[in-house]
Amino acid sequence: MTRDLGRLQFAARNYTRLQKLPWAVVGGVMALVGSIQWLSGAAARNLTLSCFIFAYSLVYGVVSKRTARFYAERYGTVSAAPVQISEFAGLLRTIGIMVLGVLLIFIIPAYFPSQVDTLWLVVGACLIGAEFRRDFLVHRITAGLVLLGLSIAPVLHWASSEQLAHGLELIVSGVALVIVGLGDHWVLVHSLPSIEAEESHG
Amino acid sequence: MANLPQQINELDRLVHEPARLAILTVLSSCQGADFVFLQRATGLTNGNLSAHLSKLEDASLIKIKKRFLDKKPQTLVSLTETGRSQITLHWFRLEELRNAAAHSKPQKSSYEKRLVIEPAKS
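Residues numbered from 1 in each chain as written. Chains lettered and ligands numbered in written order. Predicted model: local features only at pLDDT ≥ 70, side-chain atom pairs only at ≥ 80, totals over all residues. Heavy atoms only, no water.

## A look at the pattern of salt bridges
Pairing is possible between side chains that carry opposite charge, provided their charged atoms lie close to one another. Scanning the model with the defined rule gives seven salt bridges over all chains in all. Between lysine 72 of chain B and glutamate 73 of chain A there is a salt bridge; the shortest N-O distance is 3.3 Å. Of this pair, lysine 72 of chain B sits in strand E3 (residues 72-79) while glutamate 73 of chain A sits in helix H3 (residues 49-75), each in a different chain. The class of lysine 72 of chain B is partly exposed, set by a relative accessible area of 47%. Notably, a salt bridge pairs arginine 140 of chain A with glutamate 131 of chain A, separated by 3.3 Å at the nearest N-O pair. Each member of the pair, arginine 140 of chain A together with glutamate 131 of chain A, is buried. One salt-bridge network, in which partners are shared between bridges, spans Arg17, Glu131, Arg140 and Asp184 of chain A. (Salt bridge = Lys/Arg side-chain N within 4 Å of Asp/Glu carboxyl O. Helix = DSSP H or I, 4+ residues; strand = E, 2+ residues; numbered from the N terminus. Buried < 20%, exposed > 50% of the residue type's maximum accessible area, 1.4 Å probe, protein only.)

## Digging into the pairing of strand E2 (residues 62-69) of chain B
Residue and element names in this part refer to chain B. Summarising the sheet, E2 and E3 pair through eight bridges and their orientation is antiparallel. Each bridged residue has a counterpart across the sheet, and for lysine 65 the counterpart in E3 is leucine 76. Taking the residues that link successive antiparallel strands as the turn, the E2-E3 hairpin has two residues, and the phi of aspartate 70 there is positive, at about 55°. (Pairing = 2+ DSSP bridges.)

## Focus: a nonpolar patch on the surface
Side chains of Phe54, Leu58 and Val59 of chain A sit close together on the surface and give an oily, nonpolar patch of about 310 Å² of accessible area. Here valine 59 of chain A is to be found in helix H3. (Patch = residues over 30% accessible without salt bridge, like charges linked within 9 Å, V, L, I, M, F, W, Y side chains within 5 Å. Areas by Shrake-Rupley, 256 points an atom, 1.4 Å probe, with all protein chains shown as cover.)

## Some details on the side chain of serine 35 of chain A
Position of serine 35 of chain A relative to the elements: it lies in helix H2 (residues 21-39). Polar side-chain contacts of serine 35 of chain A include one of 2.5 Å to the backbone oxygen of leucine 32 of chain A. (Polar contact = N/O pair within 3.5 Å; in protein donor to acceptor, adjacent residues only side chain to side chain.)

## Describing the packing of helix H6 (residues 138-152) of chain A against helix H8 (residues 162-191) of chain A
All names here are of chain A. Between H6 and H8, the least distance of the axes is 9 Å, while the angle of their chain directions is 165°. Our classification of the angle between H6 and H8 gives roughly antiparallel. Here the hand of the crossing between H6 and H8 comes out left-handed. Taken together, the residues of H8 that come into contact with H6 (itself represented by His139, Arg140, Ala143, Val146, Leu147 and Leu150) are Glu169, Val172, Ser173, Ala176, Leu177, Ile179, Val180, Gly183, Asp184 and Val187. Classifying every residue of the contact of H6 with H8 by side-chain character gives 10 nonpolar, three polar and three charged. (Axes fitted to C-alpha atoms, helices over the stretch in contact; angles between N-to-C directions. Parallel < 35°, antiparallel > 145°, perpendicular 65-115°, else oblique. Left-handed = near helix turned anticlockwise from the far one by under 90°. Contact = heavy atoms within 4.5 Å. Nonpolar A, V, L, I, M, F, W, Y, C, P; charged D, E, K, R; others polar.)

## Comments concerning the interface of chain A and chain B
Chain A puts 30 residues into the contact, and the matching count from chain B is 29 residues. Both sides of the chain A and chain B interface together cover about 2500 Å² of buried area, and 56% of this is carbon and sulfur. Connecting chain A to chain B are one salt bridge. The tally of links between chain A and chain B comes to five residue pairs in polar contact (both at pLDDT 80 or more). Going through the elements one at a time, helix H1 (5-14), H3 and strand E1 (78-79) of chain A are the ones with two or more residues in the side of chain A that touches chain B. (Buried area = accessible area lost by both parts, 1.4 Å probe.)

## Overview of unusual backbone geometry
With a phi close to 60°, serine 60 of chain B is a non-glycine residue in the positive phi region. Along the chain, serine 60 of chain B falls in the loop between helix H5 (46-58) and E2.

## Overview of the pairing of E3 of chain B
Residues and elements named next belong to chain B. Extensive coverage of E3 is indicated by the burial of six of its eight residues. In this structure, strand E1 (residues 32-34) lies alongside E3, joined through two bridges in antiparallel fashion. By the bridge assignment, aspartate 34 is partnered in E3 with leucine 76.

## Side note on the packing of aromatic side chains
Residue and element names in this part refer to chain A. Here the structure, examined in full by the defined rule, presents five aromatic pairs over all chains. Taking 6.3 Å as the distance between ring centres and 85° as the angle between the ring planes, the aromatic pair formed by phenylalanine 70 and tyrosine 75 counts as edge-to-face. Residue classification places phenylalanine 70 among the partly exposed positions, given a relative accessible area of 39%. Geometrically, the ring pair formed by tyrosine 71 and tyrosine 75 is tilted, given 6.0 Å between the ring centres and 35° between the ring planes. Of the two residues, tyrosine 71 and tyrosine 75 are both situated in helix H3; the distance of four residues between them amounts to about one turn of the helix. As far as the burial class goes, tyrosine 71 and tyrosine 75 line up, both buried. Each residue in the set Phe70, Tyr71 and Tyr75 is aromatic and connected to the rest through ring pairs, giving one cluster. (Phe/Tyr/Trp six-rings, centres within 6.5 Å; stacked < 30°, edge-to-face > 60°.)

## Brief notes about helix H4 (residues 35-42) of chain B
All names here are of chain B. Most of H4 is tucked away: six of the eight residues are buried. By the burial criterion, the buried members of H4 are Phe35, Phe37, Leu38, Arg40, Ala41 and Thr42. Just downstream of H4 lies glycine 43, where phi reads positive at about 75°.

See the structure below:
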């Protein structure tokens, strides 16, 4: 039996948030499928961001229920402790959300070349923002930085044609999201000891 | 101030037992967990875990709630207020022990003192 109490505390504290396999992997796979559509010049590349979000919601709804059942049956259920934030931090978060809303609605669409870049900006910022905590996850911060980089500095648009740039962008972001989902699952599994029958008397 | 052996003796054996300490550590990091997660986290067998949980419940350190979820029985375990304060106190005592041990100097017994080899007189 593993008596690494620090690892047990980490597992219990982060168990709920490490079950985000569905949102990241579904988003990543859809981005990779989108890249194939885009690079092949298929008509599907004309689909708007709203179509992508609608399709994502449908697939995510189905996958997330099955995934939740898988984790509950295999690893159990944990009720996470409520996050304790100070009033000042709460005020900062509220202001941050309001500023983000203004940016998303009025300013960013005028600047970014495409709606997809806006999406990666939001996802990247959320990934990084959520890691301002004791148990930060390196793979999430790395993926967040990659997504932010894709949205803010569209190097691919300068270096290649529009079709290739969008396709490559979707590949890079798709891979980053899949890594987030699989990375979360890997961290969760390895923070829990393997099942060994051991008798403990006392 | 109590000496080291006395401080060690004052540790709560109910809490300090490794399996129960692991259970209480897991529960102190969340609002509650079910039997499956506790078993997975601690690596104990079903019977062993049940026995330890019974002891902790008898001492009012945890509360156990049984319910049915999707027609399957589920056992939910959470710390009581007493349990939370006990595990916090236990970690505090362990920290005090660690600090005391770090600052204490090893004392030679009278036997060890007699064993000191004196240099040969030329």
